[in-house]
Amino acid sequence: MDNYQKAAELIKNAKRITAFTGAGISVESGIPPFRGETGLWSRYNPVVLDINYFLNNSKASWSVIKEIFYDFFGKAKYNDAHKALAVMEKNGYLHDIITQNIDNLHQEAGSKNVYEYHGTSHTLVCLECNSSYHFSDISLENLPPLCKKCNGLLKPDFIFFGEGIPAKAAEKADEDAKKSDLFLVIGTTGEIMPASMIPYIAKNNGAKIIEINIENSSYTNSITDVFLNDKATVAMNKLLELLNIQ
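Residues numbered from 1 in each chain as written. Predicted model: local features only at pLDDT ≥ 70, side-chain atom pairs only at ≥ 80, totals over all residues. Heavy atoms only, no water.

**Focus: the nonpolar core**
Residues I11, L85, M88, L184 and M236 are the most contacted members of the largest nonpolar core, which totals 29 residues. Broken down by secondary-structure element, the contributors of at least two residues to this core are α1 (3-13), β1 (17-21), α4 (80-90), β7 (182-186), β8 (208-212), β9 (226-228) and α8 (232-243). Among the elements that take part in this core, α8 stands out by supplying six residues, more than any other. When sequence neighbours within four positions are dropped, the list of residues in contact with I11 reads I17, M88, Y93, L182, L184, I210, L239 and L243. Counting residues in hydrophobic clusters, the runner-up holds 28 residues, among them Y70, I102, I138 and F160. (Core = buried A, V, L, I, M, F, W, Y, C linked by side-chain atoms within 4.5 Å. Buried < 20%, exposed > 50% of the residue type's maximum accessible area, 1.4 Å probe, protein only. Helix = DSSP H or I, 4+ residues; strand = E, 2+ residues; numbered from the N terminus. Contact = heavy atoms within 4.5 Å.)

**Quick word on the sheet that holds strand β5 (residues 132-134)**
Pairing is antiparallel across the open sheet formed by three strands, whose spatial order is β5-β4-β6. Both edges of this open sheet fall to β5 and β6 (154-158), since each of them pairs with a single strand only. With strand direction ignored, the average angle separating the axes of adjacent strands in the sheet is 40°. Summarising the sheet, strand β4 (residues 119-126) and β5 pair through three bridges and their orientation is antiparallel. If you follow V125 over to β5, its bridge partner there is S132. With respect to the sheet, helix α3 (residues 58-72) is in contact with β4 and β6, its orientation differing from that of β6 by roughly 45°. (Pairing = 2+ DSSP bridges. Axes fitted to C-alpha atoms, helices over the stretch in contact; angles between N-to-C directions.)

In structure tokens, the structure reads:
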């Protein structure tokens, strides 16, 4: 039995499956990771996403944020891996998704139960009155964008350096890690704390770990039970085929 068959059997026999996704699942949609040789931080200074820098240099910070997350990322479309997870959910295999990504591609692919551990770029929040807006409802022609209600500074609703994890997402991730008997770890190397600890909590609570990555991660030789050494789209399409769902 090869690793794909082993993975399919684990999925068929599991009672509660959680997918835990990172930047690698969106790379095939044209969204680069933040770290690594081709990562965004090789081209931009990460200080623009430091909360104190943002508060004191909002125009400079917003000019880079607009370029990365709205001019560039805004053109990205979901890929087969995102779609496959939506298909698994629709067919009753997948309980929910905990994602480190802020790109909204899981939801656009049709997934309903998505918890965004690091927040989302699709919502802007006023730092004065806490009003929120879909990013498409706010003009980014004049920076920084301001709240329509109180003229306060708007900030993308994802976490900056120096901010905490959204409470609901943190609570849900902990619950899934303790209750799920199978974790699909897709496109994450396990370098970003505290998100990187979630699969370890799952393993310590008895979950099997299926990992999909193009190279070994911190999980591969420590907690992974079945390693699928492929691109996310390739691996997920193979699994759908073995599960005979569409």
